[in-house]
Amino acid sequence: MAKILVYNNDNNRMETYYRDESDAMPYNTGRTLTVREFRGSSKSPTLWTSKRAMQSWNSQRYIFGLPIPVGFAFKRPWEGGHSNQSQHYAGVAFDVGQTWSNAKRATLRSSAQNSNIWSYVEPLSLTPTWVHFDKRALTSACPNGGFPLVKRGSVRYVYSYCSR
Ligand SMILES: [Zn+2]
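### Quick look at the overall build of the chain
Here is step 1: Looking only at helices and strands, one finds three helices and seven strands in the chain.
Here is step 2: Reading the chain from its N terminus to its C terminus gives the helix and strand order β-β-α-β-α-β-β-α-β-β.
Here is step 3: Taking all 164 residues of the chain together, 32% fall into the buried category.
Here is step 4: Across the chain, every contact between residues at least 6 apart in sequence was considered, and the portion connecting residues at least 24 apart equals 54%.

Right, dumping it as C-alpha coordinates:
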(Lines give C-alpha, C1' and ligand atoms only; values in the text may rest on other atoms or scores of the structure.)
Protein backbone atom coordinates (compact mmCIF):
# COMPACT_ATOMS: atom_id res chain seq x y z
CA MET A 1 0.00 0.00 0.00
CA ALA A 2 1.46 3.32 -1.07
CA LYS A 3 0.62 6.70 0.37
CA ILE A 4 0.28 9.14 -2.52
CA LEU A 5 0.27 12.90 -2.11
CA VAL A 6 -1.27 14.81 -5.01
CA TYR A 7 -1.02 18.55 -5.40
CA ASN A 8 -4.38 19.67 -6.78
CA ASN A 9 -3.56 22.57 -9.07
CA ASP A 10 -7.21 23.58 -9.30
CA ASN A 11 -7.74 24.38 -5.63
CA ASN A 12 -4.13 24.71 -4.42
CA ARG A 13 -4.50 21.89 -1.88
CA MET A 14 -2.66 18.67 -1.18
CA GLU A 15 -4.68 15.47 -1.31
CA THR A 16 -3.76 12.11 0.23
CA TYR A 17 -4.57 8.74 -1.29
CA TYR A 18 -3.78 5.16 -0.35
CA ARG A 19 -3.39 2.75 -3.25
CA ASP A 20 -2.15 -0.77 -3.93
CA GLU A 21 0.69 -1.20 -6.41
CA SER A 22 -1.66 -2.62 -9.05
CA ASP A 23 -4.20 0.20 -8.65
CA ALA A 24 -4.43 3.10 -11.04
CA MET A 25 -2.85 6.37 -9.92
CA PRO A 26 -5.22 9.04 -8.60
CA TYR A 27 -6.85 10.99 -11.47
CA ASN A 28 -5.72 8.37 -13.99
CA THR A 29 -8.42 7.37 -16.45
CA GLY A 30 -8.66 3.95 -18.07
CA ARG A 31 -6.08 2.44 -15.70
CA THR A 32 -3.27 3.40 -18.09
CA LEU A 33 -0.87 4.25 -15.26
CA THR A 34 -0.57 2.01 -12.21
CA VAL A 35 1.17 2.87 -8.97
CA ARG A 36 3.78 0.23 -9.82
CA GLU A 37 4.55 1.89 -13.16
CA PHE A 38 4.64 5.35 -11.61
CA ARG A 39 7.13 4.32 -8.90
CA GLY A 40 9.42 2.20 -11.09
CA SER A 41 12.26 1.05 -8.85
CA SER A 42 11.64 3.61 -6.11
CA LYS A 43 11.37 2.12 -2.64
CA SER A 44 9.63 5.16 -1.19
CA PRO A 45 6.56 4.39 0.96
CA THR A 46 5.22 7.82 0.03
CA LEU A 47 4.92 9.04 -3.54
CA TRP A 48 3.92 12.49 -4.79
CA THR A 49 2.75 14.10 -7.99
CA SER A 50 0.34 16.77 -9.22
CA LYS A 51 -3.16 16.53 -10.60
CA ARG A 52 -1.94 18.38 -13.71
CA ALA A 53 0.80 15.81 -14.34
CA MET A 54 -1.74 12.98 -14.11
CA GLN A 55 -4.13 14.79 -16.46
CA SER A 56 -1.28 15.40 -18.89
CA TRP A 57 -0.55 11.68 -18.90
CA ASN A 58 -4.22 10.95 -19.62
CA SER A 59 -4.18 13.37 -22.55
CA GLN A 60 -0.91 12.02 -23.99
CA ARG A 61 -2.13 8.45 -23.69
CA TYR A 62 -5.42 9.39 -25.35
CA ILE A 63 -3.73 11.20 -28.24
CA PHE A 64 -1.22 8.43 -28.81
CA GLY A 65 -3.98 5.86 -28.70
CA LEU A 66 -1.82 2.87 -27.74
CA PRO A 67 -0.43 1.54 -24.45
CA ILE A 68 2.79 3.28 -23.44
CA PRO A 69 5.23 1.22 -21.35
CA VAL A 70 6.43 3.27 -18.37
CA GLY A 71 9.92 2.62 -17.03
CA PHE A 72 9.39 4.99 -14.15
CA ALA A 73 8.08 8.40 -13.26
CA PHE A 74 8.87 9.00 -9.60
CA LYS A 75 12.30 9.07 -7.98
CA ARG A 76 13.62 10.39 -4.71
CA PRO A 77 16.80 12.45 -5.16
CA TRP A 78 19.08 9.65 -3.97
CA GLU A 79 17.42 7.03 -6.15
CA GLY A 80 18.88 8.16 -9.47
CA GLY A 81 17.25 9.98 -12.35
CA HIS A 82 19.13 11.79 -15.01
CA SER A 83 20.58 14.66 -13.10
CA ASN A 84 20.64 16.42 -9.78
CA GLN A 85 17.87 18.68 -11.09
CA SER A 86 15.53 15.98 -12.32
CA GLN A 87 11.79 16.70 -12.45
CA HIS A 88 11.28 13.08 -11.45
CA TYR A 89 11.92 14.24 -7.88
CA ALA A 90 8.80 16.37 -8.14
CA GLY A 91 6.81 13.38 -9.41
CA VAL A 92 5.80 15.22 -12.58
CA ALA A 93 8.12 13.56 -15.14
CA PHE A 94 7.79 10.29 -17.06
CA ASP A 95 10.46 8.10 -18.64
CA VAL A 96 8.74 5.77 -21.08
CA GLY A 97 9.24 3.55 -24.12
CA GLN A 98 12.44 1.88 -22.88
CA THR A 99 11.35 -1.45 -24.37
CA TRP A 100 10.46 0.02 -27.76
CA SER A 101 12.33 0.36 -31.05
CA ASN A 102 13.92 3.70 -31.97
CA ALA A 103 11.23 4.18 -34.59
CA LYS A 104 8.37 3.73 -32.18
CA ARG A 105 10.01 6.02 -29.64
CA ALA A 106 10.41 8.65 -32.37
CA THR A 107 6.66 8.46 -33.04
CA LEU A 108 5.85 9.03 -29.38
CA ARG A 109 8.46 11.77 -28.99
CA SER A 110 7.00 13.76 -31.84
CA SER A 111 3.49 13.16 -30.53
CA ALA A 112 4.60 14.56 -27.16
CA GLN A 113 6.38 17.52 -28.77
CA ASN A 114 3.47 18.41 -31.05
CA SER A 115 0.71 17.92 -28.50
CA ASN A 116 1.48 21.01 -26.40
CA ILE A 117 0.53 18.91 -23.39
CA TRP A 118 3.94 18.95 -21.74
CA SER A 119 6.12 21.69 -20.32
CA TYR A 120 9.22 19.92 -21.57
CA VAL A 121 10.08 16.98 -23.82
CA GLU A 122 13.71 15.99 -23.67
CA PRO A 123 15.45 15.86 -27.08
CA LEU A 124 16.64 12.61 -28.63
CA SER A 125 20.28 13.55 -28.04
CA LEU A 126 19.77 13.46 -24.26
CA THR A 127 17.41 10.47 -24.09
CA PRO A 128 18.41 8.10 -26.90
CA THR A 129 16.82 4.98 -25.38
CA TRP A 130 13.71 6.38 -23.74
CA VAL A 131 11.30 9.33 -24.03
CA HIS A 132 11.16 11.88 -21.22
CA PHE A 133 8.29 14.34 -20.86
CA ASP A 134 7.25 16.35 -17.83
CA LYS A 135 4.67 18.79 -16.57
CA ARG A 136 6.76 21.04 -14.40
CA ALA A 137 4.98 23.79 -12.51
CA LEU A 138 7.06 26.70 -13.76
CA THR A 139 9.45 27.61 -16.53
CA SER A 140 12.75 25.89 -15.88
CA ALA A 141 15.14 27.87 -13.73
CA CYS A 142 18.14 26.41 -15.53
CA PRO A 143 18.97 26.62 -19.22
CA ASN A 144 19.37 22.85 -19.39
CA GLY A 145 15.75 22.30 -18.43
CA GLY A 146 16.19 21.52 -14.75
CA PHE A 147 15.85 23.41 -11.54
CA PRO A 148 18.62 24.57 -9.21
CA LEU A 149 20.35 22.17 -6.88
CA VAL A 150 20.14 23.75 -3.43
CA LYS A 151 22.21 22.27 -0.64
CA ARG A 152 22.84 23.10 2.98
CA GLY A 153 24.91 26.27 2.90
CA SER A 154 23.47 27.52 -0.41
CA VAL A 155 22.78 31.23 -0.03
CA ARG A 156 22.96 33.00 -3.37
CA TYR A 157 24.02 32.82 -6.98
CA VAL A 158 21.47 30.10 -7.48
CA TYR A 159 22.16 30.10 -11.20
CA SER A 160 25.60 28.66 -10.53
CA TYR A 161 23.95 25.49 -9.20
CA CYS A 162 22.54 24.72 -12.62
CA SER A 163 24.53 21.94 -14.20
CA ARG A 164 24.19 18.78 -16.13
ZN1 LIG B 1 13.29 11.50 -17.28
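Picking up after the structure, the text goes on.
### Observations regarding the sheet that holds strand β2 (residues 13–19)
Here is step 1: Read from one edge of the open sheet, three strands run β2-β1-β3, paired in mixed fashion. Each edge of the open sheet is held by one strand with a lone partner, namely β2 and β3 (46–50). Across this sheet, the average inter-strand angle for adjacent strands is 25°, counted without regard to direction.
Here is step 2: Bridge analysis of strand β1 (residues 2–8) against β3 gives five bridges, and the strand direction is parallel.

### Details of the sheet that holds strand β7 (residues 131–134)
Here is step 1: Ordered by their spatial adjacency, four strands build an open sheet running β4-β5-β7-β6, and the pairing between neighbours is antiparallel. Each of the sheet's edge strands pairs with one partner strand only, and the pair in question is β4 (70–72) and β6 (120–121).
Here is step 2: The pairing of strand β5 (residues 93–96) with β7 spans four bridges and is classified as antiparallel. Each residue of the ladder has a partner; that of aspartate 95, found in β7, is histidine 132.
Here is step 3: Its contacts with the sheet put helix α3 (residues 102–115) on β6 and β7, and the angle it makes with β7 is roughly 20°.

### Topic: the environment of phenylalanine 38
Here is step 1: Here phenylalanine 38 is to be found in helix α1 (residues 35–39).
Here is step 2: Considered as a pair, phenylalanine 38 and lysine 75 are 37 residues apart in the sequence and their alpha carbons are 9.3 Å apart.
Here is step 3: Those residues within four positions of phenylalanine 38 in sequence are excluded, and the remaining contacts are Met25, Leu33, Leu47, Ala73 and Phe74.

### What to know about the pairing of β5
Here is step 1: Neither face of β5 is left uncovered, since the one carrying Ala93 and Asp95 and the one carrying Phe94 and Val96 both have all their residues buried.
Here is step 2: When β4 meets β5, the two strands line up antiparallel, connected through two bridges. The residue bridging phenylalanine 72 from the neighbouring strand is aspartate 95, located in β5.

Calculation criteria
Every chain is numbered independently, its residues counted from 1 as its sequence is written. The model is predicted, so local features are restricted to residues of pLDDT at least 70 and side-chain atom pairs to those at 80 or more, both for listing and for counting; the totals for chains, interfaces and linings are taken over all residues. Secondary structure counts use DSSP, requiring at least four H or I residues in a row for a helix and at least two E residues in a row for a strand, with both numbered from the N terminus. Exposed residues have 12 or fewer other C-beta atoms within 10 Å of their own C-beta, buried residues have 20 or more, and partly exposed residues fall in between, where C-beta atoms are placed from the backbone. Note on contacts: each residue gets a C-beta atom placed from the backbone, and two residues are in contact if those atoms are within 7 Å. DSSP-based pairing: two strands are paired if at least 2 bridges between them are found. In this analysis, axes come from line fits to C-alpha atoms, helices being fitted only over the stretch in contact, and the angle between any two N-to-C directions falls in the range 0 to 180 degrees.

Geometric values such as these leave the question of function open.
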